[in-house]
Every structure is written in structure tokens, then in C-alpha cells.
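Below, each chain spelled out in residue letters.
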Amino acid sequence: MFLVDPLTGTQANTSAAVVAGVGPVTGTIERELHACQVELITDICDSVGDTVDALAALRRAILATGAGLIGSGTHPSAIEGDAEITDKERYERIRDLLGDAAATPVAGLHVHVGMPDAQTAIRAFNGLREYLPLLQALAANSPFRHGRDTGLASAREVTIRGWPRSGVPRALHDFSDFCSMAELLTRAADVPDYTWFWWKLRPHPKLGTVEVRSLDVQASLQDTAGLVALTHCLARHAAETDVARETPGELLEEGLFRAARFGVSAQLPDRAGHLRPVHELLEEALAIARRYANELGCEEQLAVLPELVARGGGATRQRHAYQIAGMAALLRKLCELTTSSARPS
């Protein structure tokens, strides 16, 4: 999330002071690549409701230091180059590797779903690939970058395309295939391990999860809950289903760009390459998700998603605030929404 002045919403490179000022929390708050950001990490949670409660508590801990927070995939008004790099060895190395591609900070929502074993993780990974454009369209929440409307629903997605190893990897045969490919790629990229792969989806054997990384962070925790619920259910479905055929990477790349460009208004390609509206693809995904929703305790959270589409998603909400009274109004709105989501229900 972006650290900002709580009154004006302007970006603040203050993560070291903020993290030092945070009291005891359940979970973890860490500095990120850029000093204007913090990463909020929950402990393992049993349900989406528990996850959102944990995130709300972490937001409150940050706000209690006097800092402001904005949940947006990009900071709407910050100028390129204003974000400082955090003084940690890993982040200095990333800056050396990326150069100017790291100039603009981006903020994502990463969802880890625990897996019982390695082969199930690979099956879930393969099955989740085809849902990435839909998930990214639903989560698009960054239309502004460097003080102007980009014409995109997710400027975060287009920004991070400048990073290496940031796309969607091919489907994997098995866990051994992942290990062999990871070994080859770490050597070719001159990086320590697979955690330096910024893919939109990756197995994470160190944590025992499959990690979906294609979502913009949300100001609203209600929207966050809906996205996490859908991701959880689809991961469960994918873990239990052998994919009959691999969705071509070229098709996924086209879908991901269209999702970033148009958000919930996008027409996304299905497996046959036919363009279909997000609301239709969402209904099909929800039909699958509802099979698991009762067991996973997320029926209420899934119900948020058709409403999110109907109001235009996070990108449309940002544009409406801007149209009312300009950038200052947008920053105030984002601060207000991010802060109000942290209040106890």
C-alpha cells in the first residue's frame, strides 16, 4: 500500500519511520522496494472473513502511527522518480537489475492459497492460468499515473510489464518441471531463486502455496474480500481438476492487456478466442465458485463481485472522484475509503 500525507494524500517516502513506529501486530508489516510503500502480510487464515479482519487490523496499526494510506495499484499523482528505493540489499539489487523500469512503484494484492502437496500445487497453477485475465479485470484499480488519466483501468499492469519475468509462465508438467525451469531461469537471470520471478501466478514451495499476483491492491476491503473469495474457490476447483488442454500463453497475454485497458468493461477472449464481456465470464466463474463457497465460508463475499462489475470497479470509482473535483478530490476519496475499510465493523 502507498504511504501518504493523511491530509493531502501526497506520496510519502516514510516506510522506515512508519514501520519503526508500529506497535505489536498479528501478522507482519514490512518495508517494500520503494520507501513510499509498506507490505501488509497476514498470518495463515482459515477463511476470507478472517483474512479481511487481519488486513483491517494491519491497516489500523499503520494509521495509528499518524501515516495515511492509499489502496491503489499506482499512486495517482506522484511524479516519476519521486519514489526512493528502500535501503535493503535485495532492493538495491532489484534496482540494479531493472534500472529505470523500477522508477514507478506499483501496489498489488497477492493471494496465497495453501496446497496439500507439490503435485496438487502444479495442478492448481495450471488451472488458474486461464482465470488470470478475468481476475485482473475485476481488480483493475489504477487508471491514473504521474498525475494524469492513462486511459487504462490498470496502469499498474502496464507499468510492471517493463519488469523481466513478469508475465504468465507456460503450463507445467509436474513439480520436477517447475524445479528444472526455475533452476534454468535463475541461472539465466543471475538471480538467487524463484522468488525473483515476478510472474502473475507462481508456485511458492517455500510457503507451500500457489500465489496469484495479478491483482491491483484495493482501497475497499469489501472488494478485497470478493476477489480473495473468488481466487480461493477457483484455486480449489483447479486443484481438483485436471486441465484438459493448456490455454495458450499468447491468448492469456491478449486477455491480460484487454483487462488492464478496459477493466470490468473489457471483452476478454475465451478458450476459442471469441471475445466475451466480463460479466458473462464472471457468472461462469461464480457458478464454479459457488460449489465450494459454503464449505469455504465465502458465499457473502462472492456476492460482492456482480455489484463491483455493475458500478464499474475501482478504476471507475477513481475516475468519478476525479471528475467531481480533480486530483485533490480523488486523493481525499482514496484516503477516506482506505481508512474507513480499516475501521472495526
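See the structure printed just above.
Right, let's walk through the structure included here. Small disclaimer: the values here were computed from a predicted structure and weren't measured.

The rules behind these values
Residues numbered from 1 in each chain as written. Predicted model: local features only at pLDDT ≥ 70, side-chain atom pairs only at ≥ 80, totals over all residues. Heavy atoms only, no water. Helix = DSSP H or I, 4+ residues; strand = E, 2+ residues; numbered from the N terminus. Rg over C-alpha atoms; globule rule 2.2 N^0.38 Å. Buried < 20%, exposed > 50% of the residue type's maximum accessible area, 1.4 Å probe, protein only. Contact = heavy atoms within 4.5 Å. Areas by Shrake-Rupley, 256 points an atom, 1.4 Å probe, with all protein chains shown as cover. Pairing = 2+ DSSP bridges. Polar contact = N/O pair within 3.5 Å; in protein donor to acceptor, adjacent residues only side chain to side chain. Disulfide = S-S within 2.5 Å. Axes fitted to C-alpha atoms, helices over the stretch in contact; angles between N-to-C directions. Salt bridge = Lys/Arg side-chain N within 4 Å of Asp/Glu carboxyl O. 1 Å grid on protein atoms, 1.4 Å probe; cavity = no way out; pocket = protein on both sides within 12 Å on 5 of 7 lines; lining within 4 Å. Points joined across faces, edges and corners; volume = space filled by probe spheres on them. Nonpolar A, V, L, I, M, F, W, Y, C, P; charged D, E, K, R; others polar. Expected span 1.5 Å × (residues − 1).

Of regular secondary structure, the chain possesses 13 helices and eleven strands. Taken over C-alpha atoms, the radius of gyration comes to 19 Å for the chain, in line with the 20 Å a tight globule of 345 residues would show. Referenced to the eigenvectors of the C-alpha coordinate spread, the extents of the chain come out at roughly 55 × 45 × 40 Å. Considering the chain as a whole, with its 345 residues, one finds that 56% of them fall into the buried category. Residue pairs at least 24 apart in sequence account for 73% of intrachain contacts in the chain once pairs closer than 6 positions are excluded. Carbon and sulfur atoms provide 50% of the accessible area of the chain, an area that totals close to 14700 Å².

Let us now look at the pairing of strand S2 (residues 28–31). Bridging between S2 and strand S3 (residues 38–41) involves four bridges; their strand directions are antiparallel. Residue Thr 28 lies in a different strand from S3, and its bridge partner there is Ile 41. Between S2 and S3, which pair antiparallel and follow one another directly, the connecting turn spans six residues.

The next point concerns the side chain of Ser 166. Relative to the elements of secondary structure, Ser 166 occurs in the loop between helix H6 (155–160) and helix H7 (175–189). Among the polar contacts made by the side chain of Ser 166, one reaches the main-chain carbonyl oxygen of Trp 163 at a distance of 2.7 Å. Beyond its immediate sequence surroundings of up to four residues, Ser 166 is in contact with Ile 160, Arg 161, Trp 198, Trp 199 and Lys 200.

Right, let's talk about the state of the cysteines for a bit. Following the criterion strictly, the structure yields zero disulfides and no others. There is no disulfide at Cys 233, and the cysteine sulfur nearest it, in Cys 298, is 3.5 Å away.

Our next topic: the sheet that holds strand S5 (residues 108–114). By definition, the strands of a sheet pair up through backbone hydrogen bonds, in either a parallel or an antiparallel sense. If you trace the three strands from one edge of the open sheet to the other, you get S5-S9-S8, paired in antiparallel fashion. Of all the strands in the sheet, just S5 and strand S8 (201–204) have a single pairing partner and so form its edges. Within the sheet, the average angular offset between the axes of one strand and its neighbour, ignoring direction, is 25 degrees. Across six bridges, the pairing between S5 and strand S9 (residues 209–216) is antiparallel. Each residue of the ladder has a partner; that of His 112, found in S9, is Glu 211. Seen against the sheet, helix H8 (residues 221–239) touches S5 and S9 and runs at an angle of roughly 35 degrees to S5.

The next point concerns the environment of Val 228. Note on placement: Val 228 falls in helix H8. Judged by its relative accessible area of 11%, Val 228 falls in the buried class. For the pair Val 228 and Leu 330, spaced 102 residues apart in sequence, the C-alpha separation works out to 25 Å. Look past the residues within four positions of Val 228 in its chain and what remains in contact with it is Val 48, Leu 109 and Val 111.

When the charged atoms of two side chains lie near each other, side chains of opposite charge can form a pair. One pass over the structure, following the stated rule, counts 21 salt bridges. Among the salt bridges present, the one from Arg 311 reaches Asp 223, with a minimum N-O distance of 2.5 Å. Taken together, the positions of Arg 311 in the loop between helix H12 (304–310) and helix H13 (313–340) and Asp 223 in helix H8 put the pair 88 residues apart, joining distant regions of the chain. A single salt-bridge network, built from bridges that share partners, covers Glu 157, Arg 161, Lys 200 and Glu 253.

The subject of this paragraph is empty space enclosed by the protein. Remark: the empty space left among the atoms is shown by a probe the size of a water molecule rolled over them. Overall, the coordinates contain three cavities of 30 Å³ or more when judged by the stated rule. By volume, the largest cavity amounts to about 70 Å³. In this structure, the largest cavity is lined by Gln 11, His 75, Ala 78, Ile 79, Glu 80, Gly 81, Asp 82, Ala 83, Ala 103, Thr 104, Pro 105 and His 146. Within the lining of the largest cavity, the residues separate by chemical class into five nonpolar, five polar and two charged.

It is worth spelling out helix H9 (residues 249–262) at this point. The end-to-end C-alpha distance of H9 is 20 Å, a good match for the 20 Å that 14 residues give at a rise of 1.5 Å each. Among all positions in H9, only Leu 252, Gly 255, Leu 256, Arg 258, Ala 259 and Ala 260 are buried. Buried positions along H9 lie against helix H5 (132–139), H6, strand S10 (267–269) and strand S11 (275–277). With its phi angle positive at about 60 degrees, Gly 263 sits one or two positions after the end of H9.

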